[in-house]
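Each chain is listed here by its residues.
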Amino acid sequence: DVKVTQSSRYLVKRTGEKVFLECVQDMDHENMFWYRQDPGLGLRLIYFSYDVKMKEKGDIPEGYSVSREKKERFSLILESASTNQTSMYLCASRTDYNSPLHFGNGTRLTVT
Amino acid sequence: AQTVTQSQPEMSVQEAETVTLSCTYDTSESDYYLFWYKQPPSRQMILVIRQEAYKQQNATENRFSVNFQKAAKSFSLKISDSQLGDAAMYFCAYRSGSSGNTPLVFGKGTRLSVIA
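Draft legend 1. Expanded view of the state of the cysteines. Residue and element names in this part refer to chain A. For the structure shown, the criterion picks out 2 disulfides over all chains. Between the sulfur atoms of Cys23 and its disulfide partner Cys91 the distance amounts to 1.9 Å. Here the S-S torsion is close to -75°, and the disulfide linking Cys23 with Cys91 is therefore left-handed. Of this pair, Cys23 sits in strand β4 (residues 23-25) while Cys91 is found in strand β10 (residues 87-94), placing the two residues 68 residues apart along the sequence. For Cys23, a relative accessible area of 0% gives the class buried.

Draft legend 2. Seen up close, the nonpolar core. B:Tyr25, B:Trp36, B:Phe75, B:Leu77, B:Tyr90 and B:Leu112 are the most contacted members of the largest nonpolar core, which totals 25 residues. Counting only elements with at least two residues in this core, the list comes to β3 (19-21), β5 (32-39), β6 (46-52), β8 (64-69), β9 (74-79), β10 (88-96) and β12 (110-115) of chain B. The greatest single-element share of this core, amounting to 4 residues, is contributed by β10(B). When sequence neighbours within four positions are dropped, the list of residues in contact with B:Phe75 reads B:Cys23, B:Tyr25, B:Leu34, B:Phe35, B:Trp36, B:Gln51, B:Val66, B:Asn67, B:Phe68 and B:Cys92. Core analysis: the second largest hydrophobic core is formed by 20 residues, A:Val4, A:Met32, A:Phe74 and A:Tyr89 among them.

Draft legend 3. Focus on the packing of aromatic side chains. Enumeration over the complete set of coordinates arrives at 16 aromatic pairs over all chains. Ring geometry for A:Tyr35 and B:Phe106: centres 5.2 Å apart, planes at 85°, overall edge-to-face. Taken as a pair, A:Tyr35 in strand β5 (residues 31-38) and B:Phe106 in strand β11 (residues 105-106) lie in two separate chains rather than in one. Linked through ring pairs, A:Phe33, A:Tyr35, A:Phe48, A:Tyr50, A:Phe103, B:Phe35, B:Tyr37, B:Phe91 and B:Phe106 together constitute an aromatic cluster.

Draft legend 4. Layout of the interface of chain B and chain A. Taken together, the 19 residues of chain B in the interface contact 27 residues of chain A. For the chain B and chain A pair, buried surface summed over both sides reaches about 1900 Å², with 48% attributable to carbon and sulfur atoms. Viewed at the interface, chain A and chain B are joined by 0 salt bridges. If you list the elements that add at least two residues to the side of chain B that touches chain A, you get β5, β6 and β10 of chain B. Considered class by class, the residues forming the side of chain B that touches chain A number 8 nonpolar, 7 polar and 4 charged.

Thresholds, definitions, all that
- Residues numbered from 1 in each chain as written.
- Chains lettered and ligands numbered in written order.
- Predicted model: local features only at pLDDT ≥ 70, side-chain atom pairs only at ≥ 80, totals over all residues.
- Heavy atoms only, no water.
- Disulfide = S-S within 2.5 Å.
- Helix = DSSP H or I, 4+ residues; strand = E, 2+ residues; numbered from the N terminus.
- Buried < 20%, exposed > 50% of the residue type's maximum accessible area, 1.4 Å probe, protein only.
- Core = buried A, V, L, I, M, F, W, Y, C linked by side-chain atoms within 4.5 Å.
- Contact = heavy atoms within 4.5 Å.
- Phe/Tyr/Trp six-rings, centres within 6.5 Å; stacked < 30°, edge-to-face > 60°.
- Buried area = accessible area lost by both parts, 1.4 Å probe.
- Salt bridge = Lys/Arg side-chain N within 4 Å of Asp/Glu carboxyl O.
- Nonpolar A, V, L, I, M, F, W, Y, C, P; charged D, E, K, R; others polar.

Geometric descriptors of this kind do not, in isolation, establish any biological role.
In structure tokens, the structure reads:
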């Protein structure tokens, strides 16, 4: 079974802190994604990566950056956390464009 | 840009009954894929069913089936013989088929409650 692991299930950070959300997949997937999930807004794409060291902006990249130094790991970085970044963050991966998307269990981030 | 609309924020169904969740999408493309994902309280998103736009036959997966109306750009999910374990958020999603590594576009979701 494919496993997509997000390092934290719950996270509480203070405004202005630099926050790292980590995602690791164990199936050599090419593509990895970070979504943000908010009630009434569904899933919105923040960033995605086709391959190592490649990244593309999604629909709401402002305030975020990403890093993909190794194929299995895709990190989401909040350079200076703000309260409006309080949300559920979902990581996903897939082999290629034509294969199913596999999700992690999500990280619920609270910024106070 | 493609958009996916789920017009029912919440739905409920009696156990063993049938329920249909609605989804419409907007696209100018002819080649694309549509998906329904389920997110139970555990938060793990699970693929329920997938439909290729070029296929006229509606996809089915056990108790789950879709009604794909390409001209109307409609992609509804029917759950038959509803079970308590079907209670979850359901997301409809779209992916372009005309270019390579395109991400999925999701709707806002429908929360389904199953009443015992």
